[in-house]
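Read off the chains here:
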Amino acid sequence: MKVPHSLENVDRDDVVVRTFEYDDGSVIAVDFGNSAADISMDILGSTAIIVADGEQYEFELPPEASDVSARNGVLTIEE
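Residues numbered from 1 in each chain as written. Predicted model: local features only at pLDDT ≥ 70, side-chain atom pairs only at ≥ 80, totals over all residues. Heavy atoms only, no water.

**Q** Sorry if this is basic, but what is going on with the pairing of strand β4 (residues 47–52) here?
**A** Each regular strand displays side chains that alternate between the two surfaces of the sheet. Most of β4 is tucked away: five of the six residues are buried. When strand β3 (residues 40–44) meets β4, the two strands line up antiparallel, connected through five bridges. Paired with Met-41 across the bridge in β4 is Ile-50. Linking β3 back to β4 in an antiparallel pair, the connection comprises two residues, with Gly-45 at a positive phi of about 65 degrees. In terms of strand pairing, β4 meets strand β5 (residues 55–60) through six bridges, oriented antiparallel. Bridged to Val-51 within β5 is Gln-56. (Buried < 20%, exposed > 50% of the residue type's maximum accessible area, 1.4 Å probe, protein only. Helix = DSSP H or I, 4+ residues; strand = E, 2+ residues; numbered from the N terminus. Pairing = 2+ DSSP bridges.)

**Q** Hey, could you run me through the sheet that holds strand β6 (residues 67–71) in this one?
**A** Strands belonging to one sheet form pairs held by backbone hydrogen bonds; the direction of such a pair is parallel or antiparallel. Strand order in the open sheet formed by four strands is β1-β2-β7-β6, with antiparallel pairing between adjacent strands. Lying at the two open borders of the sheet, with one neighbouring strand each, are β1 (16–22) and β6. If you compare each strand with its neighbour and ignore which way they point, the axes differ by 15 degrees on average. Pairing of strand β2 (residues 25–31) with strand β7 (residues 74–78), which is carried by five bridges, proceeds in the antiparallel orientation. (Axes fitted to C-alpha atoms, helices over the stretch in contact; angles between N-to-C directions.)

Here you go:
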């Protein structure tokens, strides 16, 4: 699964984007850092809107995304 373009180029030093590949799927994990422990998420159709530490990120979910969750400052997109 490919990382959405707007998340690839996040311009904050404390945001870490990683992709994990497994035999039965893949996971994209976006860690918004300690200052964004409480992130809010809204999914409208195939568009995700994330608000973390006062900044808003909007992107199209990968077509193969089956689950999207946010917890403790980490956004997880699973296939």
